[in-house]
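# Descriptive structure summary
So the chains spell out like this:
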Amino acid sequence: MENLSLKELKAKNADTEIVNEDVKVADVKEDVKDEYVEVDKLGKAVEVESNAELDEAIDKTEIEGWMQTEDAETSDDEKKGGFVPSHEAASRRKKAKALRGELNDTQDENQQLKEKLAAYEAGNAPQVQKQDELAPRPTREQFDFDDDAYDAAVDKWNDQKFDMKLNAHSQTREAKNQQESQQKARQE
């Protein structure tokens, strides 16, 4: 590298700038057409005249592997079997279970009513359920796991059970008292 003074270096740079100014690059502008242009596989420009032809040309182009996605993204409206949050899924299961229970109840009631109707048509009156029979104990599922309603139903059921036992005991006691009084009457 040569040792140049500051003045010499400035002069050399000025000479270089003058040479660069002489060699100007002409600005080139391209005329753009108003038509759609698509590039095919080989890199050639293909002119497309209408939107329909453009859509067909886009459909015909092959999508390379790296461009493909595993799952097509869809909007929330299009999702039918996608991810459902656990709280929403639980509420759906609860509603479905309640609906299945209601359906079973109505089917059972329908069957009982058909049997009663058949008995009336045949001339046989259906047997009335005895009051001595106790209904099955209530379950939490019957009250959709509402603790207050369930507790009230269980209390009522327990009261009925107690009343039935009390009535049965009093009837047996009365029967024994009558037997004893009859035996005393016979002995006298």
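For the structure itself, look to the data block above.
Residues numbered from 1 in each chain as written. Predicted model: local features only at pLDDT ≥ 70, side-chain atom pairs only at ≥ 80, totals over all residues. Heavy atoms only, no water.

Further remarks concern helix H4 (residues 147-187). Since the α-helix advances by 3.6 residues per turn, residues separated by three or four positions end up pointing in the same direction. Between its terminal C-alpha atoms H4 stretches 59 Å, which fits the 60 Å expected from 41 residues at 1.5 Å a residue. For H4, the complete set of buried residues consists of Tyr150, Ala153, Val154 and Trp157. (Helix = DSSP H or I, 4+ residues; strand = E, 2+ residues; numbered from the N terminus. Expected span 1.5 Å × (residues − 1). Buried < 20%, exposed > 50% of the residue type's maximum accessible area, 1.4 Å probe, protein only.)

Time to look at a negative patch on the surface. Taken together, the side chains of Glu102, Asp105, Asp108, Glu109, Asp144, Asp146, Asp148, Asp151, Asp155, Asp159 and Asp163 present a region of like negative charge at the surface. Tracing the backbone shows aspartate 146 in the loop between helix H3 (86-122) and H4. Taking relative accessible area as the criterion, aspartate 146 reaches 38% and is therefore assigned partly exposed. (Patch = residues over 30% accessible without salt bridge, like charges linked within 9 Å, V, L, I, M, F, W, Y side chains within 5 Å. Areas by Shrake-Rupley, 256 points an atom, 1.4 Å probe, with all protein chains shown as cover. Salt bridge = Lys/Arg side-chain N within 4 Å of Asp/Glu carboxyl O. Lys, Arg positive; Asp, Glu negative; His and termini not counted. Charge placed at Lys NZ, Arg CZ, Asp CG, Glu CD.)

Let us now look at the pattern of salt bridges. Using the criterion set out here, one finds 3 salt bridges in the structure. A salt bridge links arginine 92 to glutamate 88; the nearest nitrogen and oxygen atoms lie 2.7 Å apart. Placement of both arginine 92 and glutamate 88 in helix H3 is noted, with a separation of 4 residues, approximately one turn of the helix. Using a relative accessible area of 30% as the deciding quantity, one classes glutamate 88 as partly exposed. Two residues, lysine 97 and glutamate 141, come together in a salt bridge whose shortest N-O distance is 3.7 Å. With lysine 97 in helix H3 and glutamate 141 in the loop between H3 and H4, this residue pair connects regions lying 44 residues apart in the sequence. Judged by relative accessible area, which is 49%, glutamate 141 ranks as partly exposed.

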